[in-house]
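Residue-level listing of the chains:
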Amino acid sequence: MRVVTTAQPLDVQPTPLALLLLGREADPRSERGVECPGDLPSPSDPDLVERARAAKEKLGDKVFVLGHHYQRDEVIQFADVTGDSFKLARDAAARPGAEYIVFCGVHFMAESADILTGDDQKVVLPDLAAGCSMADMATAEQVAECWDVLTEAGVADQVVPVSYMNSSADIKAFTGRHGGTICTSSNAKRALEWAFEQGDPSTSKVLFLPDQHLGRNTAVRDMGMSLEDCVLYNPHKPNGGLTAEELRAAKMILWRGHCSVHGRFSVQSVEDVRARIPGVNVLVHPECKHEVVAAADHVGSTEYIIKALEEAPAGSKWAIGTELNLVRRLANRFAAEDKEIVFLDRTVCFCSTMNRIDLPHLVWTLESLAEGKLVNRIQVDPETERFAKLALERMLALP
């Protein structure tokens with residue numbers, strides 16, 4: 001056996017990852033989100049289609065299947081309704097007779113459905129690993145620490161939290177406890193207007209969680225604020241990387257979170273597609289970076305994107321900056337109307353966590369429920385549910 005010894009102490013240097021975790025460095029690639037080589041996952045075994053159909057038929061009215069727009073076609077075909085996260089949660093609440101709500105989406109969406117549905121209804125997520133990278137960028141502990149920082153800076157009593165629907169039940173509950181509201185990408189402007197109306201307009205501030213881009217785009221593009229009115233709170237840095245003076249001067253305190261898919265799109269993506277397709281209309285989601293939104297022709301939520309393409313004239317050309325499954329579905333849907341619809345980025349990119357809900361998981365879920373076995377139930381504890389529901393109800397009360 002060979003033994004290596006040294007008389008000198010090892011010169012150990014912190015790795016870039018260690019420095020990042022310590023809050024002493026930044027990852028310049030983080031805004032690019034996930035790497036997306038290759039193509040969409042291949043379809044599941046066709047034999048599973050008949051099994052899913054049989055299990056769903058056996059369950060009858062006892063089951064209500066929700067399908068988010070970003071799901072694959074093989075899953076969407078079994079959805080009773082499709083939509084964005086909040087629409088689906090409300091659809092579930094409107095079906096009190098369904099014993100099982102099967103949510104083909106991600107974890108925070110299933111939590112929202114559990115909050116809004118009756119106590120006798122059971123919300124099921126076919127794969128518990130289907131999370132959301134954006135929602136995971138703001139934990140309850142981090143946000144509580146942020147509030148302590150705001151308190152020490154003397155501004156907490158001027159701050160109203162506004163949390164994006166794409167957040168965990170814990171973050172929604174924090175928002176409810178501190179007098180805030182939830183928003184969607186469709187009503188973010190109205191939610192911010194409401195928040196600023198809760199105090200002295202000259203000193204009121206908003207803590208926007210967890211998507212910095214939606215917060216910044218809404219404040220600057222839709223409400224006329226300046227980029228200087230916005231500061232970025234980084235939970236991985238002491239005091240969020242901000243001074244007390246910066247917090248006092250800010251109107252918008254943006255959480256350092258983003259969507260891993262929408263964060264991929266760049267100004268170069270916009271320039272490239274304009275060069276490739278003369279006369280193309282660039283339509284992007286407001287979760288994209290501010291400079292991408294500024295370079296686009298149209299900006300709007302998932303429902304806005306669908307409506308815009310429905311109303312677009314035949315022969316028009318569109319480059320869409322949102323999740324790939326939806327873009328492909330829209331391209332196929334409107335091909336007969338001679339509408340050219342392409343993905344904004346050359347690189348294929350789908351929501352990897354959303355795609356965890358595949359046909360095998362859906363079949364297993366439906367067959368288990370048909371056999372009387374409850375699996376993968378998502379259940380929010382009563383205290384969290386109470387305050388999260390309060391924040392959601394404030395949103396529902398917005399004009």
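Everything discussed here concerns the structure shown above.
Conventions used here
Residues numbered from 1 in each chain as written. Predicted model: local features only at pLDDT ≥ 70, side-chain atom pairs only at ≥ 80, totals over all residues. Heavy atoms only, no water. Buried < 20%, exposed > 50% of the residue type's maximum accessible area, 1.4 Å probe, protein only. Helix = DSSP H or I, 4+ residues; strand = E, 2+ residues; numbered from the N terminus. Pairing = 2+ DSSP bridges. Axes fitted to C-alpha atoms, helices over the stretch in contact; angles between N-to-C directions. Contact = heavy atoms within 4.5 Å. Parallel < 35°, antiparallel > 145°, perpendicular 65-115°, else oblique.

### Side note on the pairing of strand β1 (residues 63-68)
Where a strand is regular, its side chains alternate between the two sheet faces. By the criterion of burial, β1 is predominantly enclosed, with six of the six residues buried. Burial of the side chains of β1 extends over both faces: Val-63, Val-65 and Gly-67 are buried on one face and Phe-64, Leu-66 and His-68 on the other. With five bridges joining them, β1 and strand β3 (residues 100-104) adopt parallel strand pairing. Bridge assignment links Val-63 to a residue of β3, and that residue is Tyr-100. As judged from the three bridges shared by β1 and strand β2 (residues 81-83), these two strands associate in the parallel manner. By the bridge assignment, Gly-67 is partnered in β2 with Thr-82.

### Things to note about the sheet that holds strand β9 (residues 252-255)
Strand order in the open sheet formed by five strands is β6-β5-β7-β9-β8, with parallel pairing between adjacent strands. Each end of this open sheet is capped by a strand with a single partner; those strands are β6 (181-183) and β8 (230-233). Strand-to-strand twist across the sheet, computed as the mean angle between neighbouring axes with direction ignored, equals 25°. Across five bridges, strand β5 (residues 159-164) lies against strand β7 (residues 205-209) in parallel orientation. Within β7, the position partnered with Val-159 by the bridge is Lys-205. This element, helix α7 (residues 169-177), spans β5, β6 and β7 of the sheet and lies at about 150° to β5.

### Quick notes on the environment of Pro-313
Here Pro-313 lies in the loop between α13 (302-311) and β12 (317-321). Along the backbone, Pro-313 and Glu-337 are 24 residues apart, and their C-alpha atoms lie at a distance of 8.4 Å.

### Comments concerning the packing of helix α8 (residues 188-197) against helix α9 (residues 212-222)
The N-to-C vectors of α8 and α9 enclose an angle of 80°; their axes lie 10 Å apart at closest approach. The pairing of α8 with α9 is recorded here as roughly perpendicular in orientation. Residues Ala-188, Lys-189 and Leu-192 of α8 touch α9, and the partners they reach there are Leu-214, Thr-218, Ala-219 and Asp-222.

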